[in-house]
Amino acid sequence: QVQLVESGGGLVQPGGSLRLSCAASGNFFSIKAMGWYRQAPGKERELVAAISSGGSTNYAASVKGRFTISRDNALNTVYLQMNSLQPEDTAVYYCTQAIYAIHSPFKPGSWGQGTQVTVSS
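Counting of residues starts from 1 at the beginning of each chain's written sequence and follows it residue by residue. pLDDT decides what is reported in this predicted model: residues at 70 or higher carry local features, side-chain atom pairs at 80 or more are listed and counted, and totals for whole chains, interfaces and linings draw on all residues regardless. Hydrogens and water molecules were not included; the side-chain quantities draw on all heavy atoms of the structure.

A. Geometry of the sheet that holds strand E3 (residues 18–24). Reading across the sheet, the four strands line up as E1-E3-E8-E7 and stay open at both edges, with antiparallel pairing between neighbours. The open sheet terminates on both sides in strands that have one partner only, identified here as strand E1 (4–7) and strand E7 (67–72). Between one strand axis and the next, the sheet turns by 15° as a mean value, whatever way the strands run. Two elements, E1 and E3, share four bridges in a ladder whose sense is antiparallel. Looking at the pairing, Glu6 lines up with Cys22 of E3. For two strands to be treated as a pair, DSSP must find at least two bridges joining them. Secondary structure follows DSSP: runs of H or I at least 4 residues long count as helices, runs of E at least 2 residues long count as strands, and numbering of each begins at the N terminus. The convention used is that axes are lines fitted to C-alpha atoms, helices contributing only their stretch in contact, and that angles between N-to-C directions extend from 0 to 180 degrees.

B. Representation of a nonpolar patch on the surface in the model. Residues enter a patch when their relative accessible area is above 30% and they make no salt bridge; the linking distance is 9 Å between like charges and 5 Å between nonpolar side chains (Val, Leu, Ile, Met, Phe, Trp, Tyr). The Shrake-Rupley method, run with a 1.4 Å probe, gives the accessible areas here. Residue values count only the displayed protein chains as cover. The term salt bridge refers to a pairing of a side-chain nitrogen on Lys or Arg with a carboxyl oxygen on Asp or Glu at a separation within 4 Å. A surface patch of nonpolar side chains, about 300 Å² in accessible area, is lined by Ile99, Tyr100 and Ile102. Mapped onto the secondary structure, Tyr100 falls in the loop between strand E9 (91–98) and strand E10 (108–111).

C. Focus on unusual backbone geometry. Along the chain, Ser104 connects to Pro105 via a cis peptide bond; the corresponding omega equals 0°. Its location among the elements puts Pro105 in the loop between E9 and E10. Residue Asn76 is not a glycine yet carries a positive backbone phi of 55°. Checked against the element boundaries, Asn76 lands in the loop between E7 and strand E8 (77–82).

Distances and angles like these do not, on their own, reveal function.
Here it is in structure tokens:
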């Protein structure tokens, strides 16, 4: 079972930026798609961004143009750069590794423990 460890969450003011990181264990990182989900209180978990093994990406409409997902296969790490953050971005963000190499449709397999992002003045 792959281990996923997120970092980089915290409190930020509206309009600010954060970069989340997710370090993965195991030998199959480079051939699996990766994704970031988020879950706000009282809401369902939603897919925010995904990246295929080859680097193709897609985003939820609510974050397109503000968030960027990227990966470094040499470091077994996936990132989520979040700019122009708004209070509605407040949620627990989860890193996930897909079952397959493709990112759409995204089929989550392993999950991280989550990291809290709070956007507030």
